[in-house]
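# Inside the fold
Take a look at the letters that make up each chain.
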Amino acid sequence: MSEDEKEFSLREGAESGAAAGSDRIEGRNAVIEAFRAGRPVDKLFVQKGLEDGPIRTIVREAKKQDTIVNFVSRERLDEMSETKKHQGVIAQVSAYSYASVDDILKKAEEKNEDPFIILLDGIEDPHNLGAIIRTACLAGAHGVITTKHRAAGLTATVAKASAGALNYVPVAKVTNLGKTIDELKKKGLWFACADMGGEEMYRTNLQGPIGLVIGNEGAGVSRLIREKCDLVTSIPMNGEIDSLNASVAAGILMYEVVRQRRMKKK
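Below is a summary of the structure that appears in this document. (Residues numbered from 1 in each chain as written. Predicted model: local features only at pLDDT ≥ 70, side-chain atom pairs only at ≥ 80, totals over all residues. Heavy atoms only, no water.)

## Thoughts on the environment of glutamate 113
To be explicit about the condition: Under the scheme used here, helices are H or I runs from DSSP no shorter than 4 residues and strands are E runs no shorter than 2 residues, and both carry numbers assigned from the N terminus. Every residue pair with non-hydrogen atoms within 4.5 Å of one another is taken to be in contact. Identification of polar contacts relies on pairs of N or O atoms within 3.5 Å, with a donor-acceptor requirement for protein atoms, meaning one able to donate a hydrogen and the other able to accept it, and with residues adjacent in sequence counted only if both atoms are side-chain atoms.
Within the secondary structure, glutamate 113 is located in the loop between helix 5 (101-110) and strand 5 (116-121). For the pair glutamate 113 and proline 209, spaced 96 residues apart in sequence, the C-alpha to C-alpha distance is 8.4 Å. In contact with glutamate 113, not counting residues within four places along its chain, are Ala108 and His142. In terms of polar contacts, glutamate 113 uses its side chain to reach the side chain of histidine 142, at 2.6 Å.

Structure (structure tokens):
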């Protein structure tokens, strides 16, 4: 988070009921000003049944920015609230701005490298997201693509877990991951998703312009996204349990891509 953003957050906390130092902004004035200032808002939580002028204005601004709007009970907002002065509305904000998919492709082009992109199909744990971004940076991936729904946003927790990598790895947020895959295929990329039933990664060709798809912590890669992938690959497991943490699995597969790319150069 930049110094200007920190100052904005603290000012809003003092003047309008926002939770200073938090990933959330609370209170009608604080939320509407956040939208008008162009702050990236991942999700908006609005109390069910409230339809007065200020609330309608906030919802309208949220829809302009394609922010997810969740209508929830007052009890739910009370549970979420840190200030206890939410006035029927809480915004979950991003600590960092999102890039575009084109920004990611441009980074690969500038390095004169085949695109290497990590696509996340519903990673919800911010610590996992931060760890994946950190590994993506170290593995030389050109960017990460995540989704607007069922996914963690770029909160301060994610930034901390990335250990600074969020400053170097562009992260794009898309509404429809399947459509994004289709568009990237037209630009020459092909896709491999991680799944226990896939071919062992050591036997899978992961070279060339590639998108590596990592699924949700519990459900894995969704059926529709799996069907769009060209390959399904798996990590060999020899222990008594049969699954890995999502960020660990992502790291292992990323470095198999690195290994194969280096072998090709020899």
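Back to the write-up after that little detour.
## Focus: a nonpolar patch on the surface
The line we're drawing: Like charges are joined within 9 Å and nonpolar side chains (Val, Leu, Ile, Met, Phe, Trp, Tyr) within 5 Å, but only among residues with over 30% relative accessible area and no salt bridge; these make up the patches. Per-residue and other accessible areas were derived by the Shrake-Rupley procedure at a 1.4 Å probe size, with only the shown protein chains allowed to occlude residues. The rule for a salt bridge is simple: a side-chain nitrogen of Lys or Arg has to be within 4 Å of a carboxyl oxygen of Asp or Glu.
On the surface, Met237, Leu244, Val248 and Ile252 cluster together into a nonpolar patch covering about 280 Å² of accessible area. Assignment of secondary structure puts valine 248 in helix 10 (residues 246-265).

## Here's the deal with the environment of glutamate 199
If you trace the backbone, glutamate 199 turns up in strand 8 (residues 190-200). For the pair glutamate 199 and proline 236, spaced 37 residues apart in sequence, the C-alpha to C-alpha distance is 9.3 Å. One polar contact links glutamate 199 to threonine 204, side chain to side chain, over a distance of 3.2 Å.

## Digging into the pattern of salt bridges
The criterion, for reference: Using a 1.4 Å probe on the protein chains alone, a residue whose accessible area is under 20% of its type maximum counts as buried, one over 50% counts as exposed, and one in between counts as partly exposed.
Using the criterion set out here, one finds 15 salt bridges in the structure. Between glutamate 33 and arginine 36 there is a salt bridge whose closest N-O contact spans 3.9 Å. One end of the pair, glutamate 33, and the other, arginine 36, are both in helix 2 (residues 28-36), 3 residues apart, so they sit about a helical turn from each other. When its relative accessible area of 54% is taken as the criterion, arginine 36 is described as exposed. When the shortest N-O distance is used, the salt bridge between aspartate 66 and lysine 148 registers 2.4 Å. Of this pair, aspartate 66 sits in the loop between helix 3 (53-64) and strand 3 (68-72) while lysine 148 sits in the loop between strand 6 (143-147) and helix 7 (156-161), placing them 82 residues apart in sequence. On the accessibility criterion, aspartate 66 (44% relative accessible area) is partly exposed.

## Brief notes about the nonpolar core
Filter applied, for reference: Working definition of a nonpolar core: buried Ala, Val, Leu, Ile, Met, Phe, Trp, Tyr and Cys residues. They are joined through side-chain atoms within 4.5 Å.
Core analysis: the biggest nonpolar cluster contains 36 residues, and Ile118, Ile133 and Met254 have the highest contact counts within it. Every element with two or more residues in this core is listed here: strand 5, helix 6 (126-139), helix 7, strand 8, strand 9 (210-215) and helix 10. Apart from residues lying up to four places away in sequence, isoleucine 133 is in contact with Val144, Leu154, Val158, Ser162, Ala165, Leu166, Val169 and Val171. With 19 residues, the next largest nonpolar core counts Val101, Phe191, Cys193 and Val213 among its residues.

Interpretation note: all reported values are geometric properties and have no functional meaning in isolation.
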